[in-house]
Amino acid sequence: MACFHEVALVSGRHPKPVGLVLQYGTAGFRARAEQLDHVMYRMGLLAVLRSKKTKSTIGVMVTASHNPEEDNGVKLVDPLGEMLAPAWEAYATQLANAEEQDLKSVLTSILDNESVNLQKVARVVLGRDTRPSSLNLAQAVIDGVSALDGTYQDYGLVSTPQLHYMVCCWNTMEHYGTATVEGYYQKLSQAFLAMTKQTPYHPEELRQLNVDGANGIGALKLQELEPYLEKKLQLKVHNNGVNGKLNYLCGADFVKVQQKLPHGLLHIKTNERSCSFDGDADRIVYYYIDESGCFHLLDGDKIATLITIFLQELLVKTDLDLQIAVIQTAYANGSSTRYITEVMKVPVHCVNTGVKYLHHKAQEFDVGVYFEANGHGTVLFSKTAENKIRQLAQDNNQLVERINAAKMLENTIDLINQTVGDAISDLLTIEAILSIKGFTIQQWDSIYTDLPNRQLKVKVSDRQIIVTVDAGKRVVSPAGLQQNIDALVKKYNLSRAFVRPSGTEDVVRIYAEAETQSNADTLAHEVSLVVYKLAGGVGEEPKLLH
Ligand code: 16G
Ligand code: MG
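These numbers were taken from a predicted model, which means no experiment stands behind them.

A. Structural context of the pattern of salt bridges. Summed over the entire model, instances satisfying the criterion amount to 30 salt bridges. Measuring nitrogen to oxygen at the nearest pair gives 3.3 Å for the salt bridge that ties Asp506 to Lys459. Within this pair, whereas Asp506 is found in the loop between β18 (496-501) and β19 (508-513), its partner Lys459 is found in the loop between β15 (453-458) and β16 (467-469), the two being separated by 47 residues in sequence. Glu513 is the salt-bridge partner of Arg496, the closest N and O atoms lying 3.2 Å from each other. In this pair, Arg496 is assigned in strand β18 and Glu513 in strand β19, connecting sequence segments 17 residues apart. With relative accessibility at 2%, the residue Glu513 sits in the buried group. Connected through shared salt-bridge partners, Lys383, Glu386, Arg390, Glu410 and Asp414 make up one network.

So, in structure tokens, the structure goes:
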């Protein structure tokens, strides 16, 4: 049996509140910040074991993304910048919930199960968002890493995708990029400038983009990036954290769910291109106000469509035999799925909610475009695809049109963050595409028309009693719930609805879409009532909101 030599494993300054149980959920641990000190320390310990096991650098990010400022969270980042392997998520949960006296034996059992060699060196890189609680919590992670003699580099305030980028740089001997924030800005800005080299400097109003930084890390990082962009793009960063509160009445999640302008951007001009980041800058959504004052949202589905159109056109020009596919979740607007499959003839795959599922599926294709409707997404190029593209870009014996298309793809590969969805990298990709195609935001928006939709949530006594199949689109338990939903959906034209337990909040989520907004609202409300009745709703019965 593996055994720890005399390291100071007892949590000491980071004791666990007795009886507290937390779970490594869809995006790591998330809870009120004051409950997380011991979890951070233990994730420091686990990161060391994971590093020794994989003989690679492992990332630890302290953030609770779009959650309220009072919350915090932590997630581990695996060697190529991807999400932690599922078996280790289970270890993370065991470790976080072990009472003090059991900590050593839980660690020992992980060591044994995974045959971790304690003699190996460990390296952990960590980052944190701008929450007031993040600094101390990051220190708890460092204490955990140090307790097992791991080495670490603290990147301090970085966006989640920047930390994923660092991990990938470290583990590819910097083939992916230089492992510094400057390296990140240089890589992205060079690719962006190369892509837009042929396009003229557009008039100021077209170069200008309003960004809602959610009062978080994204605002800080965009301000650092801007000088690298040589004024090709002019960013007006709002909600930069100076006055406002993180994610409060702003940010990508607020805008997507509420389908309205964030505070701080309530007075944008007609047709002005605007976008919102979430609290850790791994999501982005765009929007504008039309002449009649109507709000238009361009969410992850619209972004996926724009990027796929651009990539598909280039792939055709290169004449390379590369397969492109789009990965979505049940939340994807029905119109987007229809447009991509029927008009563009690009295959769409629907997977469970959660970045790791989309990322995993996208790896099956030469070019896998994945986006969640909430604005989290990126593009993955397989090694084969990347090699073919880079080779063609260098091959002067080919037709100029093919070579140029390959060069454009090459720069896109460098611009897009292939480790995880990245609001900054996505912003630059979208802006480059709009600029190259000479599209206004309205032209982009008019590619297809979204079906009106509504999202609601219902609190139940135990959300785990809702069991779903078919990528979260159908409920198999509690009995009768799906039949009720089916009957309600039938009442409306072009409608669809589903419910699933949230992986990040203690609620059941409801999604409905229909031909009109009022039908989508009514259907969502009716479904929420059925959930409330059949799945043990707590508190007041859901009301119809208008
Ligand atoms: C997290 C996930 C996101 C997912 C969302 C679902 C990551 C980085 N993010 O934000 O992919 O859509 O959770 O939340 O994994 P829900 O389960 O509460 O609906
Ligand atoms: Mg986020």
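B. Layout of the site of ligand 1. Taken together, 17 residues sit near ligand 1, with Glu372, Ser502, Gly503, Thr504 and Arg509 positioned nearest. The side chain of Glu372 places a nitrogen or oxygen atom 2.5 Å from an oxygen atom of ligand 1. Coverage of ligand 1 by the protein amounts to 95% of the 460 Å² it exposes when considered alone. Residues belonging to the shell around ligand 1 are distributed by class as follows: three nonpolar, eight polar and six charged.

C. Summary view of the packing of helix α10 (residues 300-318) against helix α15 (residues 423-437). Viewed as axis vectors pointing N to C, α10 and α15 meet at an angle of 55°, and their least axial separation amounts to 10 Å. Taken together, the axes of α10 and α15 are oblique relative to one another. Crossing geometry of α10 relative to α15 is assigned as left-handed. Each of Ile303, Leu306, Ile307, Ile309, Phe310 and Glu313 in α10 lies in contact with α15, whose residues at this interface are Thr429, Ile430, Ile433, Leu434, Ile436 and Lys437.

D. Layout of the sheet that holds strand β10 (residues 295-298). Strand order in this open sheet of five strands is β7-β6-β8-β9-β10, and the pairing throughout is mixed. Sheet topology places β7 (234-238) and β10 at the edges, where each strand pairs with a single neighbour. Taking the axes of each pair of neighbouring strands and ignoring which way they run, one obtains an average angle of 30° across the sheet. Pairing analysis gives four bridges linking strand β8 (residues 274-277) to strand β9 (residues 284-289), with the strands arranged antiparallel.

E. Quick look at the pairing of β7. Of the strand pairs in this sheet, strand β6 (residues 208-212) and β7 are connected by five bridges, and their pairing is parallel. Residue pairing in the sheet places Gln208 in a bridge with Gln234 of β7. The handedness of the β6 to β7 crossover, carried by helix α8 (residues 217-225), is right-handed.

Procedures and definitions
Residues numbered from 1 in each chain as written. Chains lettered and ligands numbered in written order. Predicted model: local features only at pLDDT ≥ 70, side-chain atom pairs only at ≥ 80, totals over all residues. Heavy atoms only, no water. Salt bridge = Lys/Arg side-chain N within 4 Å of Asp/Glu carboxyl O. Helix = DSSP H or I, 4+ residues; strand = E, 2+ residues; numbered from the N terminus. Buried < 20%, exposed > 50% of the residue type's maximum accessible area, 1.4 Å probe, protein only. Near = heavy atom within 4 Å. Polar contact = N/O pair within 3.5 Å; in protein donor to acceptor, adjacent residues only side chain to side chain. Areas by Shrake-Rupley, 256 points an atom, 1.4 Å probe, with all protein chains shown as cover. Nonpolar A, V, L, I, M, F, W, Y, C, P; charged D, E, K, R; others polar. Axes fitted to C-alpha atoms, helices over the stretch in contact; angles between N-to-C directions. Parallel < 35°, antiparallel > 145°, perpendicular 65-115°, else oblique. Left-handed = near helix turned anticlockwise from the far one by under 90°. Contact = heavy atoms within 4.5 Å. Pairing = 2+ DSSP bridges. Right-handed = clockwise from strand over helix to strand, strands pointing away.

Without other data, these values stay purely geometric and don't point to any function.
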